[in-house]
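# Close look at the chain arrangement
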Amino acid sequence: MEHNYFKNDPLSQFYNLNKLDSVILTCDVDWAPEYAIESVINLIAKYGFKINIFATHKSEVLLKKHEHVNIGLHPDFTRPSQKDWFDKKILNLKEIYPNSKGMRSHRNFFGQNIGDLAHQAGLKYDVSFFLWNEPYCQAHLDYNGMVRFSYFWEDGIHLDLGKSFDVSSINLESPGLKILNIHPILFYLNSDTEDHRRAVTSQYSDLTIAPKLEIDNEINRGYGIQNFYKEILNYLKTKNVKTYFLEELTDIKLNSKLLTQKMSLGI
Ligand SMILES: [Zn+2]
C-alpha cells in the first residue's frame, strides 16, 4: 500500500518495490593505478553488467570507450588549494572527461555551493549522499535542477564496520534504490580490512603510478573484499537483476519534469 506514495515518481520502476530487480553499480577511482581500474572494468564485463565509474585523474583506461562503462567525476574538495578552488576542481576533471554528466565527491564532501558549481559546469546528477544500508533510498530533483541520488553500500565501510562477508548482511531485499560502490585498489588488493589497504597505499605519494609487481606482492590471498564483491555479483546474476547507468535514470527524471511542465502549460 505504501507503494502508492511512489506512483508519481518516474524512477519508482527502479525502487525494487515488489522484488529486487534493479541495481546500480558504481566505483570511485581514488587515484588507483591503471591495472586496478582495468580489473574492475573487466570483471563487470564478464558479468554483462553496467558500471558508473567516478574518475579522480586522467586515466588512459577510462578514456577508452567501454560500452558497459559510464564515466562521472570524483572531485576531491577535502584538500583546499589557493589556485584550484571548488569550481576549478570540477572544471579540470570535466575537461578530461567532457562527456561526463554526473559526480560523486571524494569522501562525499558536498554542499549547496558545490551542487550549484556542478550544475553550472553542465553536470546533471550527483550521488554523494550516503545512507548506509538504509531501505527506501531514492532520487530527488534538487532546487537547482540537479538530480540527487542516495547510495547505500560501500566496500570500505563494510570492512570498517566489521560486517560479515555474507550477502544477507547487505540490505538488498528491501525496497529502494540499490546503489553499490567499490574502490579499485581495495578490490585489487582483495583487502579484508581497511588497515590492510592503508598499509599498502600509504607507501605511495602517487598511487596512480604504483608498480604492479609491488602491489601484486601485497594482494591478500585469503578471503577478502574482492571475493565478497564477486559473491554479490553472482547473487545479482542468479536473481536476473538488471544494472543501469545513473545517466539513464537522470534523463528519465528530467524528461518527466519537462513533460509535467509542458502539460501544465498545455503544450
Ligand atoms: Zn573517493
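A quick note: this is a predicted structure, and the numbers were derived from the prediction, not measured. Starting afresh in each chain, residues are numbered from 1 along the sequence in its written order. The model is predicted, so local features are restricted to residues of pLDDT at least 70 and side-chain atom pairs to those at 80 or more, both for listing and for counting; the totals for chains, interfaces and linings are taken over all residues.

## Some details on the pairing of strand 9 (residues 179–182)
What counts is decided by this rule: Residue burial is a threshold on neighbouring C-beta atoms within 10 Å of the residue's own C-beta, all placed from the backbone, with 20 or more meaning buried, 12 or fewer meaning exposed, and counts in between meaning partly exposed. The helix count covers DSSP runs of H or I at least four residues long, the strand count covers runs of E at least two residues long, and both are numbered beginning at the N terminus. For two strands to be treated as a pair, DSSP must find at least two bridges joining them.
Residues Ile179 and Asn181 of strand 9 are buried on one face, and the alternating residues Leu180 and Ile182, pointing to the opposite face, are buried as well. Taken together, the 4 bridges between strand 1 (residues 22–28) and strand 9 define a ladder with parallel strand orientation. By the bridge assignment for strand 9, Ile24 is matched with Ile179. Inspection of the sheet shows strand 8 (residues 153–154) paired to strand 9 by 2 bridges, in the parallel sense. Along strand 9, the bridge assignment pairs Trp153 with Leu180.

## Here's the deal with unusual backbone geometry
Here Asp30, not a glycine, exhibits a phi torsion of approximately 45°, which is positive. By the secondary structure assignment, Asp30 is in the loop between strand 1 and helix 1 (34–47). Its identity is not glycine, yet Asn240 carries a phi of approximately 60°, on the positive side.

## Regarding the packing of helix 3 (residues 86–96) against helix 4 (residues 112–120)
Here is the rule: Note on definitions: angles span 0 to 180 degrees between N-to-C directions of axes, and those axes are lines fitted to C-alpha atoms, for helices only across the stretch in contact. Here is the rule for handedness: rotate from the far helix to the near one, and if that takes an anticlockwise turn smaller than a right angle the crossing is left-handed, while a clockwise turn gives right-handed. Here, residue contact means that the backbone-derived C-beta atoms of the two residues sit within 7 Å.
Between helix 3 and helix 4, the least distance of the axes is 10 Å, while the angle of their chain directions is 40°. As for the relative orientation of helix 3 and helix 4, their crossing is right-handed in sense. From helix 3, Phe86, Asp87 and Ile90 reach across to helix 4, where they touch Asn113, Ile114, Leu117 and Ala118.

## Describing helix 3
The following threshold applies: By construction, the arc corresponds to the directions joining the helix axis to the C-beta atoms.
When helix 3 is considered as a whole, its buried residues turn out to be Lys89, Ile90 and Leu93. Viewed along the axis of helix 3, the buried residues span an arc of 95°, placing them on a single side of the element.

## As for the pairing of strand 2 (residues 51–55)
To keep things clear, this is the line we draw: A clockwise path from the first strand over the helix to the second, with the strands pointing away from the viewer, defines a right-handed crossover.
For strand 2, the tally of buried residues reaches 5 of 5 residues, placing the bulk of the element in the interior. For strand 1 and strand 2, the ladder comprises 3 bridges, and the chain directions are parallel. Directly across from Asp28, in strand 2, lies its bridge partner Phe54. Following the backbone out of strand 1, through helix 1 and into the adjacent parallel strand 2, one traces a crossover that is right-handed. In this sheet, strand 3 (residues 69–73) lies alongside strand 2 in parallel orientation, the contact comprising 5 bridges. Its bridge partner being in strand 3, Phe54 is matched across the sheet by Gly72.

## Section: helix 4
Every buried residue of helix 4 is listed here: Ile114, Gly115, Leu117 and Ala118. Across the axial projection of helix 4, the buried residues extend over an arc of 165°, all falling on one side. In helix 4, the exposed positions angled more than 90 degrees off the buried face are occupied by Gln112, Asn113 and Gln120. If you follow the buried residues of helix 4, they end up packed against helix 3, strand 4 (102–103) and strand 5 (125–130). Of the residues trailing helix 4, Gly122 is marked for its positive phi of about 95°.

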